[in-house]
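Okay, here's what each chain looks like letter by letter:
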Amino acid sequence: MTIKVGLASDHRGVHIKARLVQTLQREGFEVCDEGTDSTDPVDYPDFAIRVAKQIQDGKLDRGILICGTGIGMAIVANKFHGVRAASCYDEVIVEMSRRHNDVNVLCLPGDLIGERPIDELVLMWLRTEFECGRHAQRIDKITALDGSETSNSNLDG
Ligand SMILES: O=C(CO)[C@H](O)[C@H](O)COP(=O)(O)O
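All figures in this text were calculated on a predicted structure; none of them were measured in a lab.

Enquirer: Describe helix H6 (residues 118–127), and please don't skip the residues or the numbers.
Expert: Within H6, 7 of the 10 residues are buried, which leaves the element mostly enclosed by the surrounding structure. Buried residues of H6: Ile118, Asp119, Leu121, Val122, Leu123, Trp125 and Leu126, and no others. Tucked into the core, H6 has its buried residues touching strand E1 (4–9), helix H1 (14–26), strand E3 (62–67), helix H4 (91–99), strand E5 (105–109) and helix H5 (110–113).

Enquirer: So what's going on with the site of the ligand? Which residues, and what values?
Expert: For the ligand, the full set of nearby residues is Asp10, His11, Arg12, Tyr44, Cys67, Gly68, Thr69 and Gly72. One of the backbone N or O atoms of Gly68 is found 2.8 Å from an oxygen atom in the ligand. The contact in question runs from an oxygen atom of the ligand to an N or O atom on the backbone of Thr69, over 3.0 Å. With the chains in place, 62% of the 380 Å² that the ligand exposes on its own is no longer accessible. The class makeup of the residues in the shell around the ligand is 2 nonpolar, 4 polar and 2 charged.

Enquirer: Please set out the pattern of salt bridges residue by residue, giving values where relevant.
Expert: Inspection of every chain in the model, using the stated rule, returns 10 salt bridges. Its salt-bridge partner being Asp37, residue Lys17 comes within 3.7 Å of it at the nearest N-O pair. In this pair, Lys17 sits in helix H1 while Asp37 sits in the loop between strand E2 (30–33) and helix H2 (44–56), placing the two residues 20 residues apart along the sequence. For Lys17, a relative accessible area of 2% corresponds to the buried category. Asp37 gets classed as exposed once you look at its relative accessible area, which sits at 65%. Note that Asp119 is salt-bridged to Arg19, the shortest N-O span being 3.0 Å. Of this pair, Asp119 sits in helix H6 while Arg19 sits in helix H1, placing them 100 residues apart in sequence.

Enquirer: Break down the packing of aromatic side chains for me, with residues and values.
Expert: Per the stated rule, a full pass over the model turns up 0 aromatic pairs. Directly above the ring of Trp125 sits Arg62, whose terminal nitrogen or CZ lies 4.8 Å from the centroid.

Enquirer: Hey, could you go over the nonpolar core for me, with residue numbers and the actual values?
Expert: In this structure, Leu7, Leu20, Leu24, Ile64, Leu108 and Val122 are the most contacted members of the largest nonpolar core, which totals 22 residues. Examining the composition of this core, we find that 6 residues originate from one element, H6, more than from any other. Core analysis: the next-biggest nonpolar cluster, separate from the first, contains 18 residues, Ala48, Val51, Ile55 and Val76 among them.

What counts and how
- Residues numbered from 1 in each chain as written.
- Predicted model: local features only at pLDDT ≥ 70, side-chain atom pairs only at ≥ 80, totals over all residues.
- Heavy atoms only, no water.
- Buried < 20%, exposed > 50% of the residue type's maximum accessible area, 1.4 Å probe, protein only.
- Helix = DSSP H or I, 4+ residues; strand = E, 2+ residues; numbered from the N terminus.
- Contact = heavy atoms within 4.5 Å.
- Near = heavy atom within 4 Å.
- Polar contact = N/O pair within 3.5 Å; in protein donor to acceptor, adjacent residues only side chain to side chain.
- Areas by Shrake-Rupley, 256 points an atom, 1.4 Å probe, with all protein chains shown as cover.
- Nonpolar A, V, L, I, M, F, W, Y, C, P; charged D, E, K, R; others polar.
- Salt bridge = Lys/Arg side-chain N within 4 Å of Asp/Glu carboxyl O.
- Phe/Tyr/Trp six-rings, centres within 6.5 Å; stacked < 30°, edge-to-face > 60°.
- Lys NZ or Arg CZ within 6 Å of the ring centre and 35° of its normal.
- Core = buried A, V, L, I, M, F, W, Y, C linked by side-chain atoms within 4.5 Å.

Structure representation (structure tokens):
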């Protein structure tokens, strides 16, 4: 089954996004490019929302968001149910984000990652499986927090 991947960036990640769109299409992924498409300054929440909402709604399997640090994108994306977003770029952290945390939205720091082998890093992330096992019950506890912001007995201790 073809994996559907949504990508979005702000002005600081637009060049990396353009490169990744081409790489992922070449590698056989179904790619949904949600902008931005120029280096004109934009607000990263507007673009994180476009991808995170589709993950929440089951229309995309994975998301890749790029801003200067990856942090703002991750903060926004994690507001959406079922989204597990993390800002990472180191090879070990990127791999672990899949194996232990089942991260489904990879947030990249465009300001830092320009010289790194970004294609290999992202392809590795897309192809690394969640280990399940003991990690699955932890993900279940995270998922249980979705929608329970106002009366959350899970946070009482
Ligand atoms: O990294 C980011 C958010 O986490 C943004 O890319 C960054 O804050 C944008 O800053 P500026 O408007 O100065 O380009």
